[in-house]
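Overview (structure and organization)
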Amino acid sequence: MKRQVRIQQLGGARAVILHRPHLNVLALTRQLRAIGLVVDEAWPELGPQALAADFIFFDADMGYDGQFPWPAGEAPMPMIAMIGSEAPGRIEWSLQIGAHAQLLKPITGSGVYSAVLIARDAFDRQRAQAAEIADLRRRLDERQTVVRAVMLLMQRGKSEAEAYGQLRQMAMAWQISFEDAALRVVARYAAEGSDDQRNRG
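The structure contained in this document is the topic of the report that follows.

The rules behind each value
All residue numbers refer to positions counted from 1 along the written sequence of the respective chain. A pLDDT threshold of at least 70 governs which residues receive local features in this predicted model, and a stricter bar of 80 or more applies before side-chain atom pairs are shown or counted, although totals over entire chains, interfaces and linings include all residues. In computing side-chain values, all of the structure's heavy atoms are included and hydrogens and water are not. We call a set of buried Ala, Val, Leu, Ile, Met, Phe, Trp, Tyr and Cys residues a nonpolar core when their side-chain atoms join them within 4.5 Å. Only protein chains enter the accessibility calculation, which uses a 1.4 Å probe. A residue is then buried if its area is under 20% of the maximum for its type, exposed if over 50%, and partly exposed in between. Strands are runs of DSSP state E lasting at least 2 residues, helices are runs of H or I lasting at least 4, and numbering of each runs from the N terminus. Think of it this way: DSSP has to see at least two bridges between two strands before they count as a pair. The crossover handedness rule: strands pointing away from the viewer, path from first strand over the helix to second strand clockwise, crossover right-handed. The pairing test for Phe, Tyr and Trp rings, Trp by its six-membered ring, is centres within 6.5 Å, and the orientation test on the planes gives stacked under 30 degrees, edge-to-face over 60, and tilted for anything in between. Two thresholds decide whether a charge sits over a ring: the Lys NZ or Arg CZ must be within 6 Å of the ring centre and within 35 degrees of the ring normal.

1. Points about the nonpolar core
Buried together is how nonpolar side chains tend to be arranged in soluble globular proteins. Ile17, Leu28, Leu32, Phe55, Phe57, Ile80 and Leu103 are the most contacted members of the largest nonpolar core, which has 22 residues in total. Looking at this core, the elements with two or more residues in it are strand 1 (14-18), helix 1 (23-34), strand 3 (55-59), strand 4 (79-83), strand 5 (101-104) and helix 3 (112-154). Among the elements that line this core, the one with the most residues is helix 3, at five residues. Judged by nonpolar contacts, the second largest core, of 19 residues, contains Ile56, Met77, Ile83 and Ala99.

2. So, the pairing of strand 4
For strand 4, the tally of buried residues reaches five of five residues, placing the bulk of the element in the interior. Side-chain alternation along strand 4 places Met79, Ala81 and Ile83 on one buried face and Ile80 and Met82 on a second face that is also buried. As paired elements, strand 3 and strand 4 share four bridges and run parallel to each other. For Phe58, the partnering residue across the bridge sits in strand 4 and is Ala81. Here four bridges tie strand 4 to strand 5, and the two strands are oriented parallel to one another. Considered in strand 5, the bridge of Met82 is made with Leu103. The β-α-β motif built from strand 4, the intervening helix 2 (residues 88-97) and the parallel element strand 5 has right-handed crossover chirality.

3. Here we look at the packing of aromatic side chains
Within this structure, the stated rule accounts for five aromatic pairs. Pairing Phe58 with Phe68 gives two aromatic rings, centres 5.7 Å apart and planes at 90 degrees, and the pair type is edge-to-face. Of this pair, Phe58 sits in strand 3 while Phe68 sits in the loop between strand 3 and strand 4, placing them ten residues apart in sequence. Like Phe58, the residue Phe68 is buried in the burial classification. Taking 6.2 Å as the distance between ring centres and 35 degrees as the angle between the ring planes, the aromatic pair formed by Phe68 and Trp70 counts as tilted. Since its relative accessible area comes to 10%, Trp70 is described here as buried. Following the ring pairs from residue to residue traces out a cluster consisting of Phe58, Phe68, Trp70 and Trp93. Directly above the ring of Trp93 sits Arg90, whose terminal nitrogen or CZ lies 4.9 Å from the centroid. The aromatic ring of Trp174 is capped on one face by Arg184, whose charged end is 4.8 Å from the ring centroid.

So this is what it looks like as structure tokens:
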């Protein structure tokens, strides 16, 4: 299925440029303001204002890990690398930091708008994939808990169908989801097992 790309309005969005004072910063600031962004500058590290930013532009040539107040690859907003050197080590570092798009230096009058849109789209896609993976993991954990709860009920002499039926009745009686009922059953039997061990000890 073809995914719809969202072209957002940028007026009023905030950008922080993490770069030493330079003509490239002046050129980038001019372009960002022309497309409606509010611009702040920072160097050598991001200050508290970065957490309220909608976009971070950073110098891939002179950047280092400690400049960012979050772990590498976990920026809470789109990141755009400003690249002058195409040394493999610098490109690899910018990717590890979490660049969603890039701008080649020297900054000119073109490329800034498209870099912002590409970074926003890549960031949104990354967020959506992370949420989907987290949801799949949660559902897998819930499924494993249901299986474990059914096995525990079967150990009490019930058939598989009877165990599922009992679990369903528990969920209805407790007015919770099937998965939450399974979690409660597993926790209860785990507590009973701990009590048994203490009594034997």
